[in-house]
Amino acid sequence: MRRAPVVVLLLLLGVRVAPGPPLSAGCPERCVCDDQLVVQCSGQRLRVFPADLPLPTRQLIISNNRLDELPALQLNFLSDLAYLDCSNNSLSDVSESTFGNLRHLVYLDLSYNNFVRIEDHTFVPLLSLVMLRLTDNPRLSDIHATAFAEDAALQVLDVSRNNLSALNVSALLALPALRSLGLSGNPWRCGCDTEDLCLWLQTDTFRFQDEGLTVCESPPEMRGRRLAELGLNLRAQCHPSLGHQDYLFFVAIGFVIFAAGTVLAWLAGVVMVLLERHVKRKNGELDSEEKEEVKE
Ligand SMILES: *[C@@H]1O[C@H](CO)[C@@H](O)[C@H](O)[C@H]1NC(C)=O
Ligand SMILES: *[C@@H]1O[C@H](CO)[C@@H](O)[C@H](O)[C@H]1NC(C)=O
Ligand SMILES: *[C@@H]1O[C@H](CO)[C@@H](O)[C@H](O)[C@H]1NC(C)=O
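Here the structure is a predicted model, which means the values were calculated and not measured.

Definitions and limits used
- Residues numbered from 1 in each chain as written.
- Chains lettered and ligands numbered in written order.
- Predicted model: local features only at pLDDT ≥ 70, side-chain atom pairs only at ≥ 80, totals over all residues.
- Heavy atoms only, no water.
- Near = heavy atom within 4 Å.
- Polar contact = N/O pair within 3.5 Å; in protein donor to acceptor, adjacent residues only side chain to side chain.
- Areas by Shrake-Rupley, 256 points an atom, 1.4 Å probe, with all protein chains shown as cover.
- Disulfide = S-S within 2.5 Å.
- Helix = DSSP H or I, 4+ residues; strand = E, 2+ residues; numbered from the N terminus.
- Buried < 20%, exposed > 50% of the residue type's maximum accessible area, 1.4 Å probe, protein only.
- Arc of directions from axis to C-beta.
- Contact = heavy atoms within 4.5 Å.
- Salt bridge = Lys/Arg side-chain N within 4 Å of Asp/Glu carboxyl O.
- Patch = residues over 30% accessible without salt bridge, like charges linked within 9 Å, V, L, I, M, F, W, Y side chains within 5 Å.
- pLDDT = per-residue confidence, 0-100.

1. Examining the site of ligand 2
The full set of residues close to ligand 2 is Pro138, Arg139 and Asn163. A distance of 2.3 Å is found between an oxygen atom of ligand 2 and a side-chain nitrogen or oxygen belonging to Asn163. In the complex, the protein chains occlude 35% of the 360 Å² of accessible area that ligand 2 would expose alone.

See the structure below:
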């Protein structure tokens, strides 16, 4: 009889003392949630994005699964998300709407997936993004020039070991904070359409990792050459020097003016001769009329 209150008290204490992870109530199946707002779902053979993620989640690690889609609706509920690791899944499609509401995201890893192309403005909503890893997508051959436009905080960008043969340098020029860039292991095609990229790399090598491994794959005569040493070569090759062009331009203009002048002079001469003949004939007719009048 006297024990009952003690048991009740202990139970109460137990309930209060037991480590009650504040997120456990909403932790998705096969994930582990901790009280630091970290949700860890790595290597769980997940095929779909976990439902019921705690809304205040700060870190979501969902790597080494089989996800083929990042559902925009569910992801964008996590507006406090700062760290998202989706590496090693089967993702093939992300767009501007996928990340529309993730304004606090600092770290994003999309490496080891199935991307073929990255559409325009895809990462634009990620205003706080500092590090983007997008490596080891063996089919990824196109990153749109505006994919990272306005990502003013982006410092580290890694697009190594994809299938890129060209990259519009505007995509990189739009990144004022960029200090580390990975481009190696791609089959770069070194011609006039990569001239601007090569030139930029040649002048900005301080923020360029794996420079020695960033080499051309084609055309054959360029194979194995480093992009960062080709900028000036390509410039000379793709734009024969301006002085020469200007010279040709002036010669051509001069010739056109000369030819036009000659033609005009000739035409004027012809007109003069015709006029003269006309006037003479008129005078001749007048003369003969006068003669006839005189005869009469
Ligand atoms: C990718 O995840 C699978 C398990 O789903 C794992 O066996 C494999 O080692 C991982 N690969 C990499 C590169 O992490
Ligand atoms: C890589 O891109 C080239 C075209 O640039 C394409 O022909 C090839 O099939 C791509 N490779 C893969 C694995 O998708
Ligand atoms: C590179 O991107 C800029 C800006 O979007 C665009 O104006 C330009 O035409 C692109 N260049 C090529 C070669 O696609």
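2. Observations regarding the site of ligand 3
All residues adjacent to ligand 3 are Ala145, Asn168 and Ser170. One of the side-chain nitrogen or oxygen atoms of Asn168 is found 2.3 Å away from an oxygen atom of ligand 3. At 3.3 Å from an oxygen atom of ligand 3 is found a side-chain nitrogen or oxygen belonging to Ser170.

3. Considerations on the state of the cysteines
Scanning the entire structure with this criterion turns up four disulfides. A sulfur-sulfur separation of 2.2 Å characterises the disulfide bridge that pairs Cys31 with Cys41. Handedness here is read from the sign of the S-S torsion; for Cys31 and Cys41, about 110°, the answer is right-handed. Taken as a pair, Cys31 in the loop between α1 (3–17) and β1 (32–33) and Cys41 in the loop between β2 (38–40) and β3 (59–61) lie far apart in primary sequence, 10 residues in all.

4. Brief notes about helix α5 (residues 231–238)
Because an α-helix completes one turn every 3.6 residues, residues spaced three or four positions apart along the sequence face the same direction. Buried within α5 are the following residues: Gly231, Leu234 and Cys238. In a view along the axis of α5, the buried residues occupy a sector of 70°, so they form one face of it. Among the exposed residues of α5, those pointing more than 90 degrees away from its buried face are Leu232, Ala236 and Gln237. Check the buried side of α5 and you find it contacts α4 (195–203).

5. Focus on the pattern of salt bridges
Tallying each qualifying case throughout the model produces eight salt bridges. We note a salt bridge from Arg133 to Asp158, for which the minimum N-O separation is 3.6 Å. With Arg133 in strand β7 (residues 131–133) and Asp158 in strand β9 (residues 156–158), this pair connects stretches of sequence that are 25 residues apart. Asp158 gets classed as buried once you look at its relative accessible area, which sits at 8%. For Asp193, the salt bridge identified is with Arg189, shortest N-O distance 2.8 Å. A network of salt bridges, in which partner residues are shared, links Asp109, Arg133 and Asp158.

6. Considerations on a nonpolar patch on the surface
On the surface, a cluster of nonpolar side chains totalling about 600 Å² of accessible area is made up of Val263, Leu264, Trp266, Leu267, Val270 and Leu274. Its place among the elements puts Leu264 in helix α6 (residues 242–295).

7. Considerations on the side chain of Asn113
With respect to the element layout, Asn113 can be found in the loop between β5 (107–109) and β6 (117–118). Within the local environment of Asn113, its side chain forms a polar contact with the backbone nitrogen of Ser90, the two atoms lying 3.3 Å apart. For Asn113, the residues in contact, after removing those within four places along its chain, are Cys86, Ser87, Asn88, Asn89, Ser90, Leu91, Asp136, Asn137 and Pro138.

8. With respect to the confidence of the model for the chain
Per-residue confidence for the chain averages 84 on the pLDDT scale, and 82% of its residues sit at or above 70. The weakest mean pLDDT in the chain belongs to α1 at 40; the strongest belongs to β5 at 98. Note on residues 1–24: pLDDT under 50 across the span, and five contacts to partners over four residues away in sequence or across chains.

9. Some remarks on the environment of Ser42
Mapped onto the elements of the fold, Ser42 is located in the loop between β2 and β3. On the basis of relative accessible area, Ser42 is assigned to the partly exposed category, the value being 24%. Residues contacting Ser42, with those up to four places away along its chain left out, are Ile61, Ser63, Asn64 and Asn65. One polar contact links Ser42 to Ser63, side chain to side chain, over a distance of 3.0 Å.

10. Describing unusual backbone geometry
Cis rather than trans, the peptide bond between Ser218 and Pro219 has omega equal to -10°. Positive phi values are uncommon outside glycine, yet Arg45 reaches one of about 55°. Structurally, Arg45 can be placed in the loop between β2 and β3. Unusually for a residue other than glycine, Tyr112 sits at a positive phi of about 55°. Structurally, Tyr112 is set in the loop between β5 and β6. Taking relative accessible area as the criterion, Tyr112 reaches 45% and is therefore assigned partly exposed.

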